[in-house]
Amino acid sequence: MKNTLKALSFNILSNTVMKDMPTKIKKQLKQSWLDSSNTETSLFLQTTRSNGYVLPNFITEEDLKSFCTFKTRPGDVFLGSYPKSGTTWLAEIVRCIVKPRSSGKENFVPLFEVADYEQLEALPSPRCISTHLPFALLPHNNENNVKYIYIARNPKDVAVSAYHFFEGIPIFGFKRSRCTWEEFLENFMKGEVPGGSYFDHSLGWWTHKDDDNVLFLKYEELKKDLQSQVKIIAEFLGFHFSDEEAEYVAERCTFQAMKSNSNLPIHKLTKFFKTSHLRKGIVGDWKNHFSDEQLEQFQKLYESRLNGTGLNFEFEV
Ligand code: PPS
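These remarks concern the structure in this document. Note that the structure is a prediction, hence the values are computed from the model and not measured.

Positionally, S130 belongs in strand β5 (residues 128–131). Leaving out residues up to four positions away in the same chain, S130 has contacts with L79, T87, A91, V109, P110, L111, F112 and E113.

Listed below in structure tokens is the structure:
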């Protein structure tokens with residue numbers, strides 16, 4: 001496709017299915033879209049590095065400074081996660097808990113690292129801000145009055161989910177024809193993927209798991225007993241939930257319920273990304289992807305990074 005035609009078709013997409021997407025992401029997507037016939041396109045376009053963390057290419061040095069100096073407010077809640085660990089799920093649960101008990105005005109931020117700070121300033125409290133940033137790169141002013149909820153997921157399923165997700169996103173320059181599962185897994189194990197090292201990320205948050213204002217959750221626990229986890233989340237946010245209230249939220253946040261809820265903002269992105277934020281929603285899809293050799297290598301890495309830290313995961317429930 002000629003570049004003018006490509007630019008034209010991008011503008012059409014930009015004004016339709018991508019209407020609600022942050023400007024920064026749109027710019028990056030446009031560049032990748034225009035470059036997409038370039039056979040030199042790498043698996044992931046260049047990444048930014050900070051404090052040893054690998055970050056996606058749309059984060060600049062300037063952004064990193066503004067993340068740290070961003071003025072938090074008492075009541076703000078950060079919803080942290082390594083990509084593909086259940087971010088969308090956690091945000092929906094928190095939304096179902098908080099929304100009926102707040103002003104009703106929009107106070108959710110889909111992704112802190114691409115947010116428009118003026119819009120963020122204008123949001124009413126309590127702001128609920130999703131982020132994939134490592135704990136260390138988040139703003140830590142007003143520390144005692146800000147809450148952080150982190151959701152972690154077993155790394156084998158994270159790698160599989162990420163593989164399927166990134167293949168549909170031109171922003172990462174990832175094309176199925178140029179990247180096999182083997183290659184992706186290799187990059188994931190090296191931490192050379194948009195979320196950086198899974199282990200650095202989760203351990204960075206895990207270190208703070210006992211802080212009073214941090215709640216560390218696991219995807220597999222939510223799969224096993226969503227209602228109990230809803231109660232824990234509600235309690236952490238300052239709401240005492242009855243069994244009935246927790247059941248009500250849990251029913252709205254099952255995989256099936258979320259998949260068929262066309263009002264969820266995340267569904268708007270599916271058309272463009274050609275990939276869904278709600279793909280399978282199970283524990284154990286890794287069994288359909290890992291070879292015996294890959295499992296062995298992965299296990300070694302898992303043990304070398306997590307043994308002795310207290311952090312561990314269930315791989316089937
Ligand atoms: S992202 O792009 O980083 O924000 O993705 P994220 O939302 O973190 O993770 C997507 C995976 O979470 C699964 N998911 C769920 N699983 C169970 N129940 C519910 N309600 C739910 N909502 C999202 C989603 O299906 C993705 O996992 P995979 O394994 O790809 O299906």
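Picking up where we left off.
What follows concerns helix α10 (residues 226–236). Residues L226, Q229, V230, I233, A234 and F236 constitute the buried set of α10. Seen along its axis, α10 keeps its buried residues to an arc of 160 degrees; they face one direction. Contacts from the buried residues of α10 go to α4 (87–98), β6 (147–152), β7 (214–218), α9 (219–224) and α11 (243–252). Remark: G238 follows α10 within two positions and exhibits a positive phi of approximately 100 degrees.

On to the pattern of salt bridges, then. Counted by the stated rule, this structure contains 13 salt bridges. For the salt bridge of R95 with E92, the shortest nitrogen-to-oxygen distance reads 3.6 Å. Of this pair, R95 and E92 both sit in helix α4, 3 residues apart, roughly one helical turn. By relative accessible area, E92 is classed as buried at 9%. When the shortest N-O distance is used, the salt bridge between D200 and R305 registers 2.8 Å. On the criterion of sequence distance, the pair formed by D200 in helix α8 (residues 198–206) and R305 in helix α14 (residues 292–306) is long-range, its members being 105 residues apart. Owing to a relative accessible area of 28%, D200 belongs among the partly exposed residues under this scheme.

T87, T88, S161, Y219 and K280 are the nearest of the 21 residues found near the ligand. Note that an oxygen atom of the ligand is positioned 3.3 Å from one of the side-chain N or O atoms of H277. Contacts to the ligand include G281, whose backbone N or O atom sits 2.7 Å from an oxygen atom. Considering each element in turn, the shell around the ligand owes the most residues, 3 residues, to α4. Among the residues forming the shell around the ligand, the class breakdown is 8 nonpolar, 9 polar and 4 charged.

Turning next to the nonpolar core. Grouped together as the largest cluster of nonpolar side chains are 54 residues, with contacts concentrated most on F112, Y148, W181, F184, F188 and F313. Of all the secondary structure elements, the ones that give two or more residues to this core are β2 (53–55), α3 (61–69), β6, α6 (155–166), α7 (181–190), α8, β7 and α14. Counting residues per element, this core draws most heavily on α6, which supplies 7 residues. Listed in part, the 35 residues of the second largest apolar core include L217, Y219, F255 and I266.

Bringing the side chain of Q294 into the picture now. Residue placement: Q294 occurs in helix α14. A distance of 3.1 Å separates a polar atom in the side chain of Q294 from a polar atom in the side chain of W181. When near neighbours in sequence (up to four residues on either side) are disregarded, Q294 contacts W181, E182, L185 and H289.

Most of β6 is tucked away, with 5 of its 6 residues classed as buried. Note that strand β3 (residues 77–81) and β6 share 5 bridges and pair parallel. When the bridges of β6 are listed, L79 appears paired with I149.

Here the focus is the packing of aromatic side chains. Scanning the model with the defined rule gives 28 aromatic pairs in all. Look at F135 and W205: their rings are 5.0 Å apart centre to centre, the planes differ by 80 degrees, and that puts the pair in the edge-to-face class. Here F135, found in the loop between β5 and β6, pairs with W205, found in helix α8; they are 70 residues apart in sequence, far enough to count as distant. Its relative accessible area of 6% is what places F135 among the buried residues. When the centroid spacing of 6.5 Å and the interplanar angle of 15 degrees are considered together, the rings of F188 and F298 count as stacked. Here F188 is found in helix α7, whereas its partner F298 is found in helix α14, with 110 residues between them in sequence.

What counts, and where the lines are drawn
Numbering of residues starts from 1 in every chain and runs along the sequence as written. Two thresholds apply to this predicted model, a pLDDT of at least 70 for residue-level local features and 80 or more for giving and counting side-chain atom pairs, whereas whole-chain, interface and lining totals are computed over all residues. Hydrogens and water are ignored here; the side-chain numbers use all heavy atoms of the structure. Numbering of helices and strands starts at the N terminus; helices are DSSP runs of H or I of at least 4 residues and strands are runs of E of at least 2. Residue contacts are defined here by distance: any two heavy atoms, one from each residue, within 4.5 Å place the two residues in contact. When accessible area is computed with a 1.4 Å probe and restricted to protein chains, residues below 20% of their type maximum are described as buried, those above 50% as exposed, and intermediate ones as partly exposed. The arc in question is the one traced by the directions running from the helix axis out to the C-beta atoms. A carboxyl oxygen of Asp or Glu within 4 Å of a side-chain nitrogen of Lys or Arg is what we treat as a salt bridge. In this text, near means that some heavy atom of the residue lies within 4 Å of the molecule or strand in question. Polar contacts here mean pairs of N or O atoms no more than 3.5 Å apart (in protein, one a potential hydrogen donor and the other a potential acceptor; neighbouring residues in sequence count only if both atoms are side-chain atoms). For this classification, the nonpolar set comprises Ala, Val, Leu, Ile, Met, Phe, Trp, Tyr, Cys and Pro, the charged set comprises Asp, Glu, Lys and Arg, and every other residue, Gly included, is treated as polar. In this text, buried Ala, Val, Leu, Ile, Met, Phe, Trp, Tyr and Cys residues form a nonpolar core when linked through side-chain atoms within 4.5 Å. Should DSSP find at least two bridges between two strands, the strands are taken to pair. Aromatic pairing here means that ring centres of Phe, Tyr or Trp (its six-membered ring) are within 6.5 Å. Orientation follows from the plane angle: under 30 degrees is stacked, over 60 is edge-to-face, and everything else is tilted.

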